[in-house]
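# Chains, contacts and geometry: an overview
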Number of protein chains: 2
Amino acid sequence: MDVIRIGDADDPRIAEFHAIRDRDLTGRGGRFIAEGTVVLRMLAAAHAKAETGDFVAEKILLLENRVAGLGEILEAFPEDVPVYVASSDVLDRIVGFHLHRGVLALGRRHREPSAKDLLASLPEKALVVAAFGIANHDNIGSIFRNAAAFGADAVLLDAGCCDPLYRKSLRVSVGSVLSVPYARAEAVDLLTTLADRDFAIWGLSPAGTTEIREVPSHPRMALITGTEGEGLPAHILSAVKTARIAQAPGLDSLNAATATGIALYEIAMAQKRL
Amino acid sequence: MDVIRIGDADDPRIAEFHAIRDRDLTGRGGRFIAEGTVVLRMLAAAHAKAETGDFVAEKILLLENRVAGLGEILEAFPEDVPVYVASSDVLDRIVGFHLHRGVLALGRRHREPSAKDLLASLPEKALVVAAFGIANHDNIGSIFRNAAAFGADAVLLDAGCCDPLYRKSLRVSVGSVLSVPYARAEAVDLLTTLADRDFAIWGLSPAGTTEIREVPSHPRMALITGTEGEGLPAHILSAVKTARIAQAPGLDSLNAATATGIALYEIAMAQKRL
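Keep in mind the model is a prediction, meaning the values are calculated, not measured. (Residues numbered from 1 in each chain as written. Chains lettered and ligands numbered in written order. Predicted model: local features only at pLDDT ≥ 70, side-chain atom pairs only at ≥ 80, totals over all residues. Heavy atoms only, no water.)

### Things to note about the overall build of chain A
Applicable threshold: In this description a helix means any DSSP run of H or I spanning at least four residues, a strand means any run of E spanning at least two, and both kinds are numbered starting from the N terminus. Just to be clear, the radius of gyration here is over C-alpha atoms, and the globule rule we use is 2.2 Å times residues to the power 0.38. We call a residue buried when its accessible area falls under 20% of the maximum for its residue type, exposed when it is over 50%, and partly exposed in between, using a 1.4 Å probe and counting protein chains only. Note on definitions: a residue-residue contact is assigned when non-hydrogen atoms from the two residues lie within 4.5 Å. For every accessible area listed, the method is Shrake-Rupley and the probe measures 1.4 Å; residues are considered covered only by the protein chains on display. The positive count covers Lys and Arg only, the negative count covers Asp and Glu only, and His and the chain ends enter neither. The atom standing in for a charge is NZ when the residue is Lys, CZ when it is Arg, CG when it is Asp and CD when it is Glu.
Across its full length, chain A holds 10 helices and 12 strands. Its C-alpha radius of gyration of 20 Å places chain A within 12% of the 19 Å reference for a compact globule of 274 residues. Expressed as lengths along the three principal axes of its C-alpha atoms, the size of chain A is roughly 60 × 40 × 30 Å. Buried positions account for 55% of the 274 residues belonging to chain A. A sequence separation of at least 24 residues applies to 76% of the contacts in chain A between residues at least 6 apart. Per element, the accessible surface of chain A, about 11,700 Å² overall, is 49% carbon and sulfur. Side-chain charges of chain A comprise 29 positive and 35 negative groups, with the mean position of each set lying 2 Å from the other.

### As for the sheet that holds strand β1 (residues 4-5) of chain A
All names here are of chain A. Operational definition: Note: two strands are recorded as paired if DSSP finds a minimum of 2 bridges between them. An axis is simply a line fitted to the C-alpha atoms; with a helix, the fit covers only the stretch in contact. Between two such axes, the angle follows the N-to-C directions and lies from 0 to 180 degrees.
Taken in spatial order, the 5 strands of this open sheet run β1-β4-β3-β5-β2, and their pairing is mixed. Strands at the two margins of the open sheet, each flanked by one partner only, are β1 and β2 (31-35). Bridging between strand β3 (residues 55-63) and strand β5 (residues 103-109) involves 7 bridges; their strand directions are antiparallel. Counterpart to K59 in the pairing with β5 is L106. Running at roughly 145° to β3, helix α2 (residues 37-48) makes contact with β2, β3 and β5 of the sheet. Here helix α4 (residues 88-95) sits on the sheet in contact with β3, β4 (83-86) and β5, set at roughly 130° to β3.

### Structural notes on the packing of aromatic side chains
Residue and element names in this part refer to chain A. The following threshold applies: Each pair of aromatic rings taken from Phe, Tyr and Trp, with Trp reduced to its six-membered ring, is defined by centres within 6.5 Å and is described as stacked if the planes are under 30 degrees apart, edge-to-face if over 60, and tilted in the remaining cases. Geometrically, a lysine NZ or arginine CZ counts as sitting over a ring once it is within 6 Å of the ring centre and also within 35 degrees of the ring normal.
Under the defined criterion, the tally for this structure stands at 6 aromatic pairs over all chains. Considering the side-chain rings of F32 and F55, the 5.7 Å spacing of their centres and the 90° angle between planes classify their relative orientation as edge-to-face. Here the residue F32 occupies a position in strand β2, and F55 occupies one in strand β3, the gap between them amounting to 23 residues. Residue F32 is classed as buried on the basis of its relative accessible area, which comes to 3%. Here F55 falls in the buried class, since its relative accessible area comes to 5%. Over the ring of Y182 we find R109; its NZ or CZ atom is 3.8 Å from the centre of that ring.

### Details of the sheet that holds strand β6 (residues 126-131) of chain A
All names here are of chain A. Overall, parallel pairing links the 7 strands, which are arranged β8-β7-β6-β11-β9-β12-β10 in an open sheet. Where the open sheet ends on each side, the last strands, each with one partner, are β8 (182-184) and β10 (210-211). As paired strands, strand β9 (residues 200-204) and strand β11 (residues 220-225) are joined by 4 bridges and run parallel to one another. Looking at β11, one finds that W202 is bridged to L223.

### Structural notes on the interface of chain A and chain B
Test applied: Computed with a 1.4 Å rolling probe, the buried area is the accessible surface lost when two parts are put together, summed over both parts. The salt bridge criterion pairs a side-chain nitrogen of Lys or Arg with a carboxyl oxygen of Asp or Glu, the two atoms within 4 Å. By the criterion applied in these results, polar contacts are pairs of N or O atoms within 3.5 Å in which, for protein atoms, one can donate a hydrogen and the other can accept it, and in which residues neighboring in sequence qualify only through two side-chain atoms. Classification convention: Asp, Glu, Lys, Arg as charged; Ala, Val, Leu, Ile, Met, Phe, Trp, Tyr, Cys, Pro as nonpolar; all other residues, Gly among them, as polar.
Each partner contributes to the interface: chain A provides 30 residues, whereas chain B provides 30 residues. For the chain A and chain B pair, buried surface summed over both sides reaches about 2,400 Å², with 57% attributable to carbon and sulfur atoms. Where chain A meets chain B, there are 4 salt bridges. With its nearest N and O atoms 2.9 Å apart, the salt bridge here joins R145 of chain B to E228 of chain A. In this assembly, chain A and chain B are joined by 10 residue pairs in polar contact (both at pLDDT 80 or more). For the side of chain A that touches chain B, the secondary-structure elements that each account for two or more residues are α6 (137-149) and α10 (256-270) of chain A. When the residues that make up the side of chain A that touches chain B are grouped by side-chain class, the tally is 15 nonpolar, 8 polar and 7 charged.

### What about the side chain of E266 of chain B?
As for its placement among the helices and strands, E266 of chain B is situated in helix α10 (residues 256-270). Residue E266 of chain B is classed as buried on the basis of its relative accessible area, which comes to 2%. Filtering out sequence-adjacent residues up to four positions away, E266 of chain B remains in contact with R213, Y265 and E266 of chain A together with I212 and R213 of chain B.

### Some remarks on empty space enclosed by the protein
Formally: Think of a 1 Å grid over the protein atoms and nothing else: a 1.4 Å probe that fits but is trapped marks a cavity, an open set flanked by protein within 12 Å on at least five of seven lines marks a pocket, and residues with an atom within 4 Å of a point count as lining. Grid points are joined across faces, edges and corners, and a volume is the space filled by probe spheres set on the points.
This model, assessed by the stated rule, comprises 1 cavity of 30 Å³ or more. Around the largest cavity, the lining residues are I212, R213, V215, P216, S217, M221, E266, I267, A270 and Q271 of chain A together with R213 of chain B. Looking at the lining of the largest cavity residue by residue, the class counts come to 6 nonpolar, 2 polar and 3 charged.

### Here's the deal with the environment of I236 of chain A
Residue and element names in this part refer to chain A. One can find I236 in helix α9 (residues 234-237). A residue is classified by how much of its surface remains accessible, and I236, at 2% relative accessible area, is buried. Separated by 55 residues in the primary sequence, I236 and P181 place their C-alpha atoms 23 Å from one another. In this structure I236 touches F132, A187 and L191, once residues within four positions along its chain are discounted.

### Focus: the relation of the copies chain A and chain B
The condition that has to hold: What sets the superposition is a least-squares fit of C-alpha atoms, and only residues with pLDDT of at least 70 in both copies go into it.
Taken as rigid bodies, chain A and chain B are interconverted by a rotation of 180° and an axial shift of 0.0 Å, the fit giving an RMSD of 0.0 Å. What the rotation and shift describe, once combined, is the action of a two-fold rotation axis. The position closest to the rotation axis in chain A is occupied by the C-alpha of T258 of chain A, lying 2.3 Å away. A shared interface surface links the copies, since 100% of the contact residues of chain A are contact residues in chain B too.

### Section: the pairing of strand β7 (residues 154-157) of chain B
Residue and element names in this part refer to chain B. Inclusion rule: By convention a crossover is right-handed if, when the strands point away from the viewer, the path from the first strand over the helix to the second runs clockwise.
Side chains of β7 alternate between two faces, with A154 and L156 and V155 and L157 buried alike. Looking at chain direction, strand β6 (residues 126-131) and β7 are connected through 4 bridges and run parallel. The residue of β7 that forms the bridge with A130 is L156. For the segment spanning β6, helix α6 (residues 137-149) and β7, crossover handedness is right-handed. Summarising the sheet, β7 and strand β8 (residues 182-184) pair through 3 bridges and their orientation is parallel. Residue pairing for β8: L156 is matched across the bridge by A183. As for the winding sense of the linkage, the β-α-β connection from β7 through helix α7 (residues 167-172) to β8 is right-handed.

Quick look at the structure:
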């Protein structure tokens, strides 16, 4: 394994890793920072099928003492993905804070399928999650993690959702943003396309009419999930079938990630896909 | 509403709010910091039944411009709970960082029931969650939030769990730590007491033998949940019945909060308590 030592925090070869915390809010050019061993492994897996998939790895930056332990993952990347290493001091100066785990990579989403194309590519029996208006990075990450855990085929994002490639979303997803195909479109277009493709569309809402356990199975199921506080807007809820998760009476509501997890589990079990 | 203006960050009357972020790790004397409007409301509710309940409010500290909007909640506290107000500058100097929301209270757990007494007080039909070895503040908070959402009667904590009154746990629980009774004991004692009280004890594990949807209902159900990475230790799993949540094959696992939420939903539905 050839590694390239970086001694100067201003070395242009690792410029993309500069002050990553501040730049977390940009997400320009389809590039993103993958952080930690698990996400690095997912990036290697995504890169390995880059010809048909949506992601490539561009470079890796590691704390010098992490290289030995990562051998197997690093070897999964092709040789033209450079591996840079730095001391803890230099690495902290590059990223702008103390990077405890010392594992970073720069990836790029080199293909962005349209929602229409993504839905056209799905199998006859399918499960998709559509997230509407979810701007919270943790919640977007959780939706991908749950989608992966319960074998969903795709995630759809409306224009109000944040970018799942934000560093924190990617980390919370445990890298699932790189493994579950996703696409973005306007909410109305997503609903229309789902209906055209014969999906049964269910919106999740505390005011839903059908308990999630009782939702009838259908070969193609779409679950729409909204924000934790506001939920899905009325014009969406009136356009789709609605499901609720029974809860004890009171002020509280479920965490968005938990609600989506319960709903996906129920639908996936009803579809016998687990 | 009489409020007491604080002009000096070192005023001894509000000393307990000093540098709360650093002291978040202590939790001494049963005192805790409640933060935000929702948790303040839960503290008011807990204080209102302090004679039989476990919590009292000791003092409240607010950003001056928050007082007007909190009238109804503040009036729920008795008059001998002082309400201090401060400007944004003074408040930030007190707590040691910029406190955006400007709503704090000091509470105290004035009664700590033993696990035996708590279990003895539960109704004939009961659901409890036992958390084993959960040191993550978010995850403990989530367990309480889910316990409240699905109407669990109590939470039991083994010696390896962190204090649910940590500021972050309390916030993540949306104040449910103040509404769902809990007690702490050694894991072995918890199992013995649960068995003595005729609880069906189910450990949640990816290697569990029964799918959580198929777990037979019983009037008294106890769900044991462990840490996200390690799960429950082998000596616990071998002593109880075990349930799993079906997932797509792969490296990933569910987030601890989501797993507990799914399991509690299933058990609560099977018990027809929702």
